Amino acid sequence: MPKKNTPPAFEDALTELEQLVNRLERGELSLEESLQAFERGVNLTRACQKALQEAEQKVQILIEKNGNPTLEPFRDE
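Since the structure is predicted, the reported quantities are computational estimates derived from the model, not experimental observations. (Residues numbered from 1 in each chain as written. Predicted model: local features only at pLDDT ≥ 70, side-chain atom pairs only at ≥ 80, totals over all residues. Heavy atoms only, no water.)

1. Thoughts on the overall build of the protein
The line we're drawing: The numbering of helices and of strands both runs from the N terminus, where a helix is a DSSP run of H or I of at least 4 residues and a strand a run of E of at least 2. Only protein chains enter the area calculation, which uses a 1.4 Å probe; residues under 20% of their type maximum are buried, those over 50% are exposed, and those in between are partly exposed. Accessible areas in this description were obtained via Shrake-Rupley with a 1.4 Å probe; residue shielding takes into account the shown protein chains only.
The number of helices and strands found in the protein is two helices and zero strands. Within the protein, buried positions represent 10% of all 77 residues. When the accessible area of the protein is evaluated, it comes to approximately 7000 Å², of which 52% is carbon and sulfur surface.

Laid out in C-alpha cells, this is it:
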C-alpha cells in the first residue's frame, strides 16, 4: 500500500521549522541547501497555518450558541 503524504503534526512541524530557522541563521549552509531549507520552511509554515485555521473553526463550532456561531475572547484565568 502506498504511503500517504500526510502533513506533520502541528508541534512536529513547528519544531522542525525552528530548527530550519536556526540552521539558516547560522549561515553555514550552501546556497542550494539554504534554498531547500527555505522551501521546506514555507511548506511547514503553510501546514501550521492550516492546522491553526482548522483548530479555530472547531473552536467556533464548539462555542456555537442558539444555532448561531459566536466568537468569544479567550480568557486566561
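What follows picks up the thread again.
2. Some points on helix H2 (residues 31-62)
Cut-off, in case you're wondering: Given a helix with a known number of residues, its expected span is that number minus one, times 1.5 Å. Contacts are assigned to residue pairs that have any heavy atoms within 4.5 Å of one another.
For H2, with 32 residues, the first-to-last C-alpha span of 46 Å sits near the 46 Å given by 1.5 Å per residue. Along H2, the residues that are buried comprise Ala37, Gly41, Leu44 and Cys48. Where H2 is buried, its residues contact helix H1 (10-26).

3. Things to note about the pattern of salt bridges
As a reminder of what qualifies: We count a salt bridge whenever a side-chain nitrogen from Lys or Arg sits within 4 Å of a carboxyl oxygen from Asp or Glu.
Overall, the coordinates contain two salt bridges when judged by the stated rule. Across the pair arginine 40 and glutamate 16 runs a salt bridge, and its minimum N-O distance is 2.9 Å. Of the two residues, arginine 40 sits in helix H2 while glutamate 16 sits in helix H1, which places them 24 residues apart along the sequence. The class of arginine 40 is partly exposed, set by a relative accessible area of 32%. Overall, the relative accessible area of 27% leaves glutamate 16 in the partly exposed class. Note that glutamate 28 and arginine 26 form a salt bridge whose closest N and O atoms lie 3.6 Å from each other. The same class applies to glutamate 28 and to arginine 26, which are both exposed.

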